[in-house]
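# Notes for the structure review
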Amino acid sequence: MERSNVDITKLQIGFGGLKVLENLDLHVDASEFLVLLGPSGCGKSTLLNAIAGLIEVKGGQIRIGDRDVTWAEPKDRGIAMVFQSYALYPRMSVRKNLSFGLKVARTPQDEIDSRVGEAAKMLRLTELLDRRPSELSGGQRQRVAIGRALVRHAGVYLFDEPLSNLDAQLRAELRVEIKRLHARLGATMIYVTHDQIEALTLADRIAVMQGGVIQQLDTPKKIYREPANRFVASFVGSPAMNFLRGRILRDGAPVFIAGDVRFDLNGYAFRIPPSDAPAILGIRPEHIEIVGSEHPSAVTARVEMVEPMGADALIWCRLADGTAFSFRADADAKAGAGDSLALRFPAEAFSLFDDQSGQRL
Amino acid sequence: MRLSLTSRLSVLSALLPALMVMLVVYIGATSWTAWMSLTNSRMLPNNNFVGFRQYQLLFSNDRWLTSVHNIVVYGVLFVSLALLIGFLLAVAIDQRVRAEDTIRSIYLYPYSMSFVVTGLVWQWLLNPTLGVQYVLRSWGFAGASFDWIVRPETAIYCLVIAGVWQASGLVMAIMLAGLRGIDDEIWKAARVDGLPKWRVYISIIIPMMGASFATAAVLLSTAVVRLYDLSVSMTNGGPGIASEVPAKFVMDHLFERANIGLATAAATTMLVTVIAVVAPYLYWRARKGEVR
């Protein structure tokens, strides 16, 4: 199977006067699983459709497998695509859905049969080949849609929010299936989603997008641990990252002051040398821990509410100055509304952002 | 559901007018018509039972046989052409053309005209001494000939032209709604699959539009059975009896020729034919509904 890389340079897309993408650059390696993540309207689907050749670009270049396809028809780009609404041909059997494109392209019949058989086996569709889409469940339909992409033996597989129409359980099942498929085929895949869990679980690299701009392009771990700006920090992660407003003070070693609370910044890897300025401190709920009140850097907070979440519990607290935040604790942590807790905020888990630009410090 | 006596009464009284209309007008009048066809009524109805005499007369009547032949020709051509042209118009409009609303209104406009007006307009257009043929000749095409309306063997096709002209806009509106209901992603998937546009329409879109086609076909078919005014206003059944249709046969014999027996026999024959066509379809629909 062919595995193409994708190279996008200075891509511009607009509808009328509205600019959706401007000078966007993106490189996807062969065999890579890249996820485009962002809220609706961020341009991620537009970018995917442009790669597929389903919308016209205003400028820039798209290369797939080192071939300039900026103006090529979708069928000539060596791509296959899976859609959110499955987009199956409703009056055709599953077999016909898988084979129709190949048949129109005059692929020899034995080749069609072997490709359909192979895809059906891989996606456990063999039993369903003679059914109509209306006789299938949502999960089965999406597997058929994936199968229709697979038989094209494309260099790049594009997924446009393929799991968004499914319920939570099926979504989790199919997510694993897609990941397994990628491991097995080693194909290049570009996957659009607004679901950060999907992005974190599937991707080799994630491109977090907002306002038509890639905010950060990195591995899931880096995106999660070291978000490049406040948008990425708040969009990725559930429950969401806590943000505390305050300022950095260079009092010998740098500290972060929020109200009357001082957070030691010893251990935080600054990207640029710190200066005394207003800043925002971000910390994920699972990084805050309960300690004894005698701990030297303990911070006292009052519990407002406890949300049990099964495996653990999310505890909502307020600092003395009223700043609200949440943290994860054991499901059987003994904390109730009104209790006072001593907490430790480890500096190595912080993300500090500039108050003005929102960029990571 | 159990209802108290008073609420049952109010339900009954609300339904009563509709029920009366149905019993008296539809079932009553239809049964009376069927009964009349078994009598030898002429100008005034009477109750002299003559069995199927009128039907024997009817089916040895040239004018009736021509009418039946005509309605079959008209029905097949009118329904298929209106569906085809309406669908093609809808496809043309669906290509995101400019001024879509205006064009749509223009296409739909003929439908707002009564059959009588349509018939008159086309009578003029097709009249060799006034219409298309005259215009062509006055432009210098001396040998141009378009005289279908005055030739007995082609007059019925003139009714088809006028009927299709009038009904295509409606079919277009129904088909356009159907086309607009098709998920955009189907089109994208077809493009990625490399299917040519005409292939997508034939293999994917048309099979998806069964409901639109059924709706349009039913509406067109009722127009076929009703066909009367077009024949009256365009050709008045002529030349000779060349463009007679069953409904006109009934009306003429009922009111002009004072032959109630024969007219009701013709009307009853029409009813039985329609039932014979529709009943299996309704039965099939009902069965399908049960299975679901």
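By the naming in an unreviewed UniProt entry, chain B goes by Sugar ABC transporter permease and is assigned to Bradyrhizobium manausense. For chain B, the Sequence similarities (unreviewed entry) comment in UniProt is given as "Belongs to the binding-protein-dependent transport system permease family." For the record of chain B, the UniProt heading Subcellular location (unreviewed entry) holds the text "Cell membrane".

Per an unreviewed UniProt entry, chain A goes by ABC transporter ATP-binding protein and derives from Bradyrhizobium manausense. Reading the Subcellular location (unreviewed entry) entry of the UniProt record for chain A gives the comment "Cell inner membrane". Looking at the Function (unreviewed entry) heading of the UniProt record, one finds this comment for chain A: "Involved in beta-(1-->2)glucan export. Transmembrane domains (TMD) form a pore in the inner membrane and the ATP-binding domain (NBD) is responsible for energy generation."

Glancing now at the overall build of chain A. Helix and strand counts for chain A stand at eight helices and 20 strands. The principal-axis extent of the C-alpha atoms belonging to chain A is close to 75 × 45 × 35 Å. Expressed as a percentage of the 361 residues in chain A, the buried residues total 52%. Nonlocal contacts in chain A, meaning residues at least 24 apart in sequence, comprise 65% of its contacts between residues at least 6 apart. Of the roughly 16200 Å² of accessible surface on chain A, a fraction of 46% belongs to carbon and sulfur atoms. Side chains of chain A give 45 positive and 45 negative charges; the mean places of these two sets differ by 5 Å.

All names here are of chain A. The domain boundaries assigned to chain A delineate domain 1 (6–230) and domain 2 (242–354). On a C-alpha basis, the centroid separation for the pair domain 1 and domain 2 is 40 Å. Together, the buried faces of domain 1 and domain 2 total about 760 Å²; carbon and sulfur atoms form 46% of this surface. Linking domain 1 with domain 2 are zero salt bridges, by the criterion used here. Scanning the region where domain 1 abuts domain 2 turns up two residue pairs in polar contact (both at pLDDT 80 or more). Tallying contributions element by element places helix α7 (residues 220–225) first for the side of domain 1 that touches domain 2, with three residues. Grouping the amino acids of the side of domain 1 that touches domain 2 by side-chain chemistry returns four nonpolar, one polar and three charged.

What follows concerns the environment of B:Ala267. Residue and element names in this part refer to chain B. Assignment of secondary structure puts Ala267 in helix α13 (residues 260–291). With a relative accessible area of 25%, Ala267 lands in the partly exposed category. When the C-alpha positions of Ala267 and Thr30 are compared, they lie 9.4 Å apart, and in sequence the two are 237 residues distant. Discounting chain neighbours no more than four positions away, the residues touching Ala267 are Thr33 and Val250.

When helix α9 (residues 197–208) of chain B is considered as a whole, its buried residues turn out to be B:Val200, B:Tyr201, B:Ser203, B:Ile204 and B:Ile205. Its buried side turned inward, α9(B) meets α2 (94–104) of chain A together with α3 (62–93), α7 (155–180) and α8 (184–192) of chain B.

All names here are of chain B. Domain parsing of chain B yields domain 1 (13–51 + 264–292) and domain 2 (63–258). Taking the mean C-alpha position of each, domain 1 and domain 2 sit 29 Å from one another. Facing the seven residues of domain 1 at the interface are seven residues of domain 2. The contact between domain 1 and domain 2 buries some 650 Å² in all, and 81% of this surface belongs to carbon and sulfur atoms.

A contiguous patch of positive charge, built from A:Arg91, A:Arg132, B:Arg285 and B:Lys288, is present on the exposed surface. As for its position among the elements, B:Arg285 is in helix α13.

On to the UniProt feature "domain: ABC transporter" (unreviewed entry) in chain A. Mapped onto this numbering, the UniProt entry gives "domain: ABC transporter" (unreviewed entry) at residues 3–236 of chain A. Taken as a whole, residues 3–236 of chain A contains 36% helix and 26% strand, while its terminal C-alpha atoms sit 29 Å from one another.

A word on the sheet that holds strand β15 (residues 289–290) of chain A. Residues and elements named next belong to chain A. Taken in spatial order, the five strands line up as β15-β19-β16-β17-β18 in an open sheet, and their pairing is antiparallel. The sheet is open, and its two borders are formed by β15 and β18 (324–330), each paired with just one other strand. When β15 meets strand β19 (residues 340–344), the two strands line up antiparallel, connected through two bridges. Within the sheet, the bridge partner assigned to Ile290 lies in β19 and is Leu343.

Residue and element names in this part refer to chain B. At a minimum axis separation of 10 Å, α3 and helix α10 (residues 210–226) run at an interaxial angle of 145 degrees. You can see that α3 and α10 cross each other, and the crossing is right-handed. In contact with Ile71, Tyr74, Gly75, Phe78, Val79, Ala82, Leu83 and Phe87 of α3, α10 contributes Phe213, Ala216, Ala217, Leu220, Ser221, Ala223 and Val224. The class makeup of the residues in the contact of α3 with α10 is 13 nonpolar, two polar and no charged.

In this numbering, the UniProt entry assigns the feature "domain: ABC transmembrane type-1" (unreviewed entry) to residues 68–283 of chain B. Secondary structure within residues 68–283 of chain B divides into 74% helix and 0% strand; the distance between the first and last C-alpha atoms comes to 26 Å.

Moving on: the nonpolar core. Residues A:Leu11, A:Leu47 and A:Ile190 are the most contacted members of the largest nonpolar core, which totals 87 residues. Here this core gets 14 residues from one element, more than from any other, and that element is α7(B). Listed in part, the 49 residues of the second largest apolar core include A:Val94, A:Ala119, A:Ala149 and A:Phe235.

Residues and elements named next belong to chain A. The terminal C-alpha atoms of helix α3 (residues 109–122), which comprises 14 residues, lie 20 Å apart, in line with the 20 Å expected from a rise of 1.5 Å per residue. Taken as a whole, α3 has its buried residues at Ile112, Arg115, Val116, Ala119, Ala120 and Met122. Mapping the buried residues of α3 onto a view down its axis gives an arc of 160 degrees, with all of them on the same face. Turned more than 90 degrees from where α3 packs its buried face, Asp110 and Lys121 sit exposed. Buried-residue contacts for α3 involve α2, α4 (138–150) and α5 (168–185). Directly beyond the C-terminal end of α3, a positive phi value near 55 degrees is found at Arg124.

Interfaces are frequently sized by the accessible area removed from exposure as the parts join. Each partner contributes residues to the interface: chain A has 25 residues there, and chain B has 17 residues. Each partner contributes to the roughly 1800 Å² buried at the junction of chain A and chain B, and carbon and sulfur atoms together form 63% of this total. Remark: the boundary between chain A and chain B carries two salt bridges. B:Asp193 is paired through a salt bridge with A:Arg152; the nearest N and O atoms lie 3.8 Å apart. At the junction of chain A with chain B, the criterion picks out eight residue pairs in polar contact (both at pLDDT 80 or more). Here the side of chain A that touches chain B is built from residues that sort into 14 nonpolar, five polar and six charged.

A word on the sheet that holds strand β12 (residues 253–258) of chain A. All names here are of chain A. Pairing within the open sheet is antiparallel, and its five strands lie in the order β13-β12-β11-β14-β20. Sheet topology places β13 (261–264) and β20 (351–354) at the edges, where each strand pairs with a single neighbour. Direction aside, the axes of adjacent strands within the sheet are offset by 40 degrees on average. As paired elements, strand β14 (residues 277–283) and β20 share four bridges and run antiparallel to each other. By the bridge assignment, Ala279 is partnered in β20 with Asp354.

Reading the values: rules and limits
- Residues numbered from 1 in each chain as written.
- Chains lettered and ligands numbered in written order.
- Predicted model: local features only at pLDDT ≥ 70, side-chain atom pairs only at ≥ 80, totals over all residues.
- Heavy atoms only, no water.
- UniProt positions renumbered as here; feature names shortened; annotations may be inferred.
- Helix = DSSP H or I, 4+ residues; strand = E, 2+ residues; numbered from the N terminus.
- Buried < 20%, exposed > 50% of the residue type's maximum accessible area, 1.4 Å probe, protein only.
- Contact = heavy atoms within 4.5 Å.
- Areas by Shrake-Rupley, 256 points an atom, 1.4 Å probe, with all protein chains shown as cover.
- Lys, Arg positive; Asp, Glu negative; His and termini not counted.
- Charge placed at Lys NZ, Arg CZ, Asp CG, Glu CD.
- Domains from an automatic or database assignment.
- Buried area = accessible area lost by both parts, 1.4 Å probe.
- Salt bridge = Lys/Arg side-chain N within 4 Å of Asp/Glu carboxyl O.
- Polar contact = N/O pair within 3.5 Å; in protein donor to acceptor, adjacent residues only side chain to side chain.
- Nonpolar A, V, L, I, M, F, W, Y, C, P; charged D, E, K, R; others polar.
- Patch = residues over 30% accessible without salt bridge, like charges linked within 9 Å, V, L, I, M, F, W, Y side chains within 5 Å.
- Pairing = 2+ DSSP bridges.
- Axes fitted to C-alpha atoms, helices over the stretch in contact; angles between N-to-C directions.
- Left-handed = near helix turned anticlockwise from the far one by under 90°.
- Core = buried A, V, L, I, M, F, W, Y, C linked by side-chain atoms within 4.5 Å.
- Expected span 1.5 Å × (residues − 1).
- Arc of directions from axis to C-beta.

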